[in-house]
Amino acid sequence: MSVVHTPWPDDLAAAYRAKGYWRDEPLTDVITRHKGETAAATAILCGERAFSYTALDRLSDRLAWALQRRGLRAGDTALVQLPNRAEFYVVFFALLKCGAVPVNALNNHGAFELLSYAGQIEPRLAVLWRGHALVEPDPRGERPDSLLGQLGGSVGLNRVLLLDEAADDDCLDGFAWADGAALDAAEDGRPEGAIDAKGVAFFQLSGGSTGTPKLIPRTHNDYLYSVRQSVEVCGLDATCRFLCALPAPHNFTLSSPGALGVFLAGGTVVMAGDPGPATCFPLIERHRVTWAALVPPVLTLWLAEAGHTAADLSSLEVVQVGGAKLSASFAERVPAELGCRLQQVFGMAEGLVNYTRLDDDPWTVFNTQGRPMSPDDEIRILDPSGHPVAPGEAGELWTRGPYTFRGYYKADLHNARVFDAEGFYSSGDLVSRTPEGNLIVCGRSKDQINRGGEKIDAQEVEDVLAGHAQVNFAAVVAMPDALMGERSCAFVLAAPGTKASGLRRFLRERGLADYKMPDKIVFVDSLPKTAVGKIDKQLLRETLKREQPDLNAAPVRSTVTA
Ligand code: OOB
């Protein structure tokens, strides 16, 4: 049994194999390929704990064995939510070794997102961090039911594995089943069965723009190729000490080249609990970190602190910035103030990743988001009627290639909209291309807010708001923000007397992730419409731009008219 996915057409699959992109090797190869001396090298540093490649392989073997003993089978799905800790990778590789297919939820996802993923994959197993605020019942009563209670109904508590603070390097001691049983991972436990390297390895998460969080099946072949090619383009080797400061499951930190790239190269991943300079700068000094991957707002915080810190940052060689548009003025400050090179990364969980190259000229590095990493990434920049734009003009980005997916999981209707007949995927980004082939992101056509790299699906928040008894309609749009690039604003048509605080409480009760809470709520008596009768979100965005919003101001009742 394997998880279904939309396959690449035979001719392209054959070409990707012939070119050596797809080798039918499992993703677990990034750790198991290290033998002898290199297997003794440190793969992960997490707090005071160090894990060699051998340890990572053994721990994931033993965990996989224990999971199989509880009935986990190849083709089963799993829901995972863990913080940035070594155990995230132990669990990830253990599941792959079982042939089980995980969704790795972000640590700041709420019950709303987790239950939505669970609804789509019907997991056979859930792996959760016991310390996560959601897992246990909420003392303030804002969440009447704990996640454990809600999930337990569908997964069964005997299939919910909880991770506690681990006592020592044998991190398996930290795991226990939610029904109270011990994990019991035998010292010599090894999973049975071979991994189907032609199939789906795991699901990536889409930023979304359609109301329901979409899942992206990533195959062993396509993902391992993206990791291998990233390592090649970025020139990673065993000397790399990579700071994993953004959420570990995110495509950027996992594979661009991310932790999996560092494992493949035989380097060391240093886990950071959060990306702020107070946590990261001491880690950089202590572990002589050479690479870090950041989103623009975090870079801003690092730059603000770099001039004052006593920490020695001289080991830093490259800081990658991606996930949201980086302004040239901040980009230029990286070499001077952090003493290292900058690499811009424009990627997506769906596949395509663009990098500025380390030997690109400064203008390219500061002003573009880079070019595709694979010679077989195909790019089209089209106008709204589907025609190629003139060279240098902005248009919608369409792409296909050896590691760009061919369809969201169980989402035929949506897939029909975002893929064309030739299998090109529309990313919803507006880009232009320089004569050298570098892309510049200049906007987006998808209904999404990019809050400093965290993607908010406007329709999803609107739908939850519309479930409030006093709300007639809500429109959520981006508003400019100096630090985050964008924040979210909800324009709400509601019964008189409705309070913003009440709406926020309602969203929290629904379990919506904190970062999706509207930063500003504006009550309106009417909403502007376009000529075809849709809400004119462009006009709402322009209104906000003109207002130069004061985020601390109390919500106001105003009328926005066309
Ligand atoms: C990364 O992946 P996702 O799936 O969270 O978000 C993808 C979207 C892109 O379609 C684009 O809208 C935006 O995020 N984006 C950027 C950007 N990098 C991503 N917009 C402007 N400039 C950039 N450098 O965010 C992601 C995945 C892999 C590597 C890096 C980022």
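Residues numbered from 1 in each chain as written. Predicted model: local features only at pLDDT ≥ 70, side-chain atom pairs only at ≥ 80, totals over all residues. Heavy atoms only, no water.

Caption draft 1: Broad picture of the overall build of the chain. Counting its secondary structure elements, the chain contains 18 helices and 26 strands. For 562 residues, the compact-globule estimate of 2.2 N^0.38 gives 24 Å, and the chain sits close to it at 23 Å. Expressed along its principal axes, the backbone C-alpha trace of the chain runs to roughly 70 × 55 × 55 Å. The 562 residues of the chain split such that 60% are buried. A sequence separation of at least 24 residues applies to 69% of the contacts in the chain between residues at least 6 apart. On the chain, roughly 22,100 Å² of surface is accessible, and the fraction owed to carbon and sulfur atoms is 51%. Counting 56 positive and 70 negative side-chain charges, the chain places the centres of these two groups 3 Å from one another. (Helix = DSSP H or I, 4+ residues; strand = E, 2+ residues; numbered from the N terminus. Rg over C-alpha atoms; globule rule 2.2 N^0.38 Å. Buried < 20%, exposed > 50% of the residue type's maximum accessible area, 1.4 Å probe, protein only. Contact = heavy atoms within 4.5 Å. Areas by Shrake-Rupley, 256 points an atom, 1.4 Å probe, with all protein chains shown as cover. Lys, Arg positive; Asp, Glu negative; His and termini not counted. Charge placed at Lys NZ, Arg CZ, Asp CG, Glu CD.)

Caption draft 2: The arrangement of the sheet that holds strand E11 (residues 268-271) in detail. Strands sit in the order E2-E1-E11-E10-E12-E13-E14-E15-E16 across an open sheet of 9 strands; the sheet is mixed. Two strands in the sheet have a free side with no partner beyond their single neighbour: strand E2 (49-52) and strand E16 (371-372). Helix-sheet contacts for helix H4 (residues 53-69) involve strand E1 (42-46) and E2, and the interaxial angle to E2 is about 85 degrees. Contacts from helix H12 (residues 296-306) reach strand E10 (241-244), strand E12 (291-294) and strand E13 (318-322), with the element oriented near 125 degrees to E12. (Pairing = 2+ DSSP bridges. Axes fitted to C-alpha atoms, helices over the stretch in contact; angles between N-to-C directions.)

Caption draft 3: Up close: the packing of aromatic side chains. One pass over the structure, following the stated rule, counts 20 aromatic pairs. Ring plane angle 70 degrees and centroid distance 4.7 Å describe the contact between phenylalanine 405 and tyrosine 408, whose orientation is recorded as edge-to-face. By relative accessible area, which is 5% here, tyrosine 408 ends up buried. Between phenylalanine 405 and tyrosine 425, the aromatic rings sit 5.1 Å apart at their centres with planes inclined by 80 degrees, giving edge-to-face as the arrangement. With phenylalanine 405 in the loop between strand E18 (395-400) and helix H15 (412-418) and tyrosine 425 in strand E19 (residues 425-433), the pair connects residues that are 20 residues apart, well separated along the chain. (Phe/Tyr/Trp six-rings, centres within 6.5 Å; stacked < 30°, edge-to-face > 60°.)

Caption draft 4: A look at helix H6 (residues 111-121). Of all 11 residues making up H6, 8 are buried, and the element is well covered by its neighbours. Of the residues making up H6, those classed as buried are Ala111, Glu113, Leu114, Ser116, Tyr117, Ala118, Gln120 and Ile121. If you follow the buried residues of H6, they end up packed against strand E3 (77-81), strand E4 (101-104), helix H7 (147-155), strand E8 (200-205), strand E9 (215-219) and helix H16 (458-466). One or two residues past the end of H6 sits glutamate 122, with phi positive at roughly 45 degrees.

Purely geometric stuff here, so don't read any function into it on its own.
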